[in-house]
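Structural overview
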Amino acid sequence: MSNNSATNSSLVIAQKAVKQLRLEASVRRVKVSQAAAELKTFCLQNAHKDPLLTGVPSSDNPFRPPKSCVLL
Amino acid sequence: MSQDPLEGCRISAGKKSAVSLGKALHPPNLLVVVEGTCGACVAASPVSAPEGSCSYNVAHHHLCVCVRVCMAWQGLQKGETLASLKQESENLRRKLEEERGKLTDVELHQVAEKVETVAALSIKTRRVLKGHGNKVLSMDWCKDKRRLVSSSQDGKVIVWDAFTLNKEHGITLPCTWVMACAYAPSGCAVACGGLDNKCSVVPLSLDRNENVTAKKKSVAMHTNYVSGCSFTNSDMQLLTSSGDGTCALWDVESGQLLQSFHGHTADVLSLDLAPSETGNTFVSGGCDMKANVWDMRSGQNIQSFDNHQSDINCVKYYPSGDAFASASDDATCRFYDLRADREVAVYQKDSIIFGASSVDFSLSGRLLFAGYNDYTINVWDVLKGTRVSVLFGHENRVSRVRVSPDGTALCSASWDNTLRVSRT
């Protein structure tokens, strides 16, 4: 049984691989130029909302270095 | 060929059972693969039967196996041999490359030529979170943008308030190397797992005196270490990745396995869920150097990318959900577009020779933060492919980087036992 099952399991693996590749080959693709243009548009449209990119005024920054209080 | 070949067969549990098939359903090279999760252990154990007969041994396994006739029966045509299948495999792979190549009319950085360069960033460390006794392996932000959870090699999971540096909860796990942790969307629980081969969910109590560890509940069970975990859109489902080469979706309440994802041929090191509300795909990366995109409902691997030349340590979706990035031991980070179905950028430099362990995008997706084993964090311009900045400060490998949910801060976890929160 062992010899037969070894061949059979590599057969199974090979069949699975072929089936998977057929599935992947059938995926619908768009041109890189179109995909890249959409990525670029997304970045630019959201850039102003990106605090790490544009920086945030110190007064809004909850992580700013704590200022010391002066007791009058 | 659409009939159920096991129609009319009786399968009984017990030491050994013979499945007898009707003559009409018994072509040569029939192979019955019995797979499924045993009630006692979680190993899916395919048992193949010799040609011509179908008997299988379910000794000491419980009855929850499902019999699935494998494709060998459904598809094995005349003359199909191992050699012919391997040849077809090669042909299909070549065809895939060709098809992808045909649509590569331009490179991403060319499309981004006219875009303004990123202004110099002034991101500085604003908080250092000390408290772990050993390497910090993972962290995750809470949706409230100020709390975070971190896990360490010392077996401890800590929930912090990043503004005040207050440690709100401490959970002790019975194992070392807690490699994965995640905050639940509601903020009321955390999930953690690692060398114990499990992923547990711990509800967080508002009562400081309550022993949170006691309420820990095991949800996921793998046959090897848990490398990553993430809640789906609700607290009710948990997705895990494991050193056993699989990913799995679990129901938190019952601990039931809802779906398992097979396809990686080595340890899976990372996973990330697609960001959209209705999203039901996720991406995983592993030691087989592949990044796979999965359909959560069917368990199907829908796209696969094998551009890296070493283990993929981390995968992360781009904010729009149409692309993702990966970090690898080959010292590069790569960017893949899902609709073009190919890699569209490689972030590398001759001077960077250490592996990248973790990546995350800024809110707009323009910046990619990548943590490396040389203790630094490189900030890349996603569109132009150039490095914008380097962040120093950690005194050992950076294991994880995560941008906060509102995009205002970056948290980095390191083998130097600390976490750092950085902002502009």
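Residues numbered from 1 in each chain as written. Chains lettered and ligands numbered in written order. Predicted model: local features only at pLDDT ≥ 70, side-chain atom pairs only at ≥ 80, totals over all residues. Heavy atoms only, no water.

Here's the deal with the pattern of salt bridges
Residues and elements named next belong to chain B. Under the definition given, this model contains 15 salt bridges over all chains. Lys316 is the partner of Asp360 in a salt bridge, and the nearest nitrogen-oxygen pair spans 3.7 Å. Linking Asp360 in strand S26 (residues 356-361) with Lys316 in strand S22 (residues 312-317), this pair joins segments that are 44 residues apart in sequence. No difference in accessibility class separates Asp360 from Lys316, as the two residues are buried. Here Arg339 ties to Asp337 by a salt bridge, and the two come within 3.4 Å at their closest N and O atoms. Arg339 sits in the partly exposed class, given a relative accessible area of 22%. (Salt bridge = Lys/Arg side-chain N within 4 Å of Asp/Glu carboxyl O. Helix = DSSP H or I, 4+ residues; strand = E, 2+ residues; numbered from the N terminus. Buried < 20%, exposed > 50% of the residue type's maximum accessible area, 1.4 Å probe, protein only.)

Here we look at the environment of Glu116 of chain B
Residues and elements named next belong to chain B. Within the fold, Glu116 resides in the loop between helix H3 (108-111) and strand S5 (124-130). For Glu116 and Ala356, which are 240 residues apart along the polypeptide, the C-alpha to C-alpha distance reads 27 Å. Apart from the residues within four sequence positions on either side, Glu116 is in contact with Arg366 and Lys384. (Contact = heavy atoms within 4.5 Å.)

So, the environment of Thr265 of chain B
Within the element layout of this structure, Thr265 of chain B appears in the loop between strand S17 (257-261) and strand S18 (268-273). Taking the C-alpha atoms as reference points, Thr265 of chain B and Arg93 of chain B, 172 residues apart in sequence, are found 17 Å from one another.

A few points about the pairing of strand S12 (residues 198-203) of chain B
Residue and element names in this part refer to chain B. Two strands pair when backbone bridges link them, and strand S11 (residues 189-193) and S12 are joined in this way by five bridges, in the antiparallel orientation. Within S12, the residue paired with Cys192 across the bridge is Ser200. Count of turn residues in the S11/S12 antiparallel hairpin: four residues, of which Asn197 carries a positive phi of about 65°. Of the strand pairs in this sheet, S12 and strand S13 (residues 217-221) are connected by four bridges, and their pairing is antiparallel. Across the sheet, residue Val201 finds its bridge partner in S13, namely Lys217. (Pairing = 2+ DSSP bridges.)

A short note on the sheet that holds strand S31 (residues 410-414) of chain B
All names here are of chain B. Pairing is antiparallel across the open sheet formed by four strands, whose spatial order is S5-S32-S31-S30. Each edge of the open sheet carries a strand with a single partner, namely S5 and strand S30 (398-403). When the angles between neighbouring strand axes are averaged without regard to direction, this sheet yields 20°. Across four bridges, the pairing between S31 and strand S32 (residues 418-423) is antiparallel. Bridging from a neighbouring strand, Leu410 pairs with Ser422 of S32. (Axes fitted to C-alpha atoms, helices over the stretch in contact; angles between N-to-C directions.)

A closer look at the packing of aromatic side chains
All chains considered together, the criterion is met by 13 aromatic pairs over all chains. Geometrically, the ring pair formed by Phe305 of chain B and Tyr336 of chain B is tilted, given 5.1 Å between the ring centres and 50° between the ring planes. Residue Phe305 of chain B is found in strand S21 (residues 301-305), and its partner Tyr336 of chain B is found in strand S24 (residues 333-337); the two are separated by 31 residues along the sequence. Exposure class is identical for Phe305 of chain B and Tyr336 of chain B. Each is buried. Taken together, the aromatic side chains of Phe42 of chain A together with Tyr318, Phe335 and Phe361 of chain B make up a single cluster linked through ring pairs. It is Lys135 of chain B that lies over the ring of Trp415 of chain B; its NZ or CZ is 5.1 Å from the centre. The ring of Trp415 of chain B carries Arg397 of chain B above its face, with NZ or CZ at 4.4 Å from the centroid. (Phe/Tyr/Trp six-rings, centres within 6.5 Å; stacked < 30°, edge-to-face > 60°. Lys NZ or Arg CZ within 6 Å of the ring centre and 35° of its normal.)

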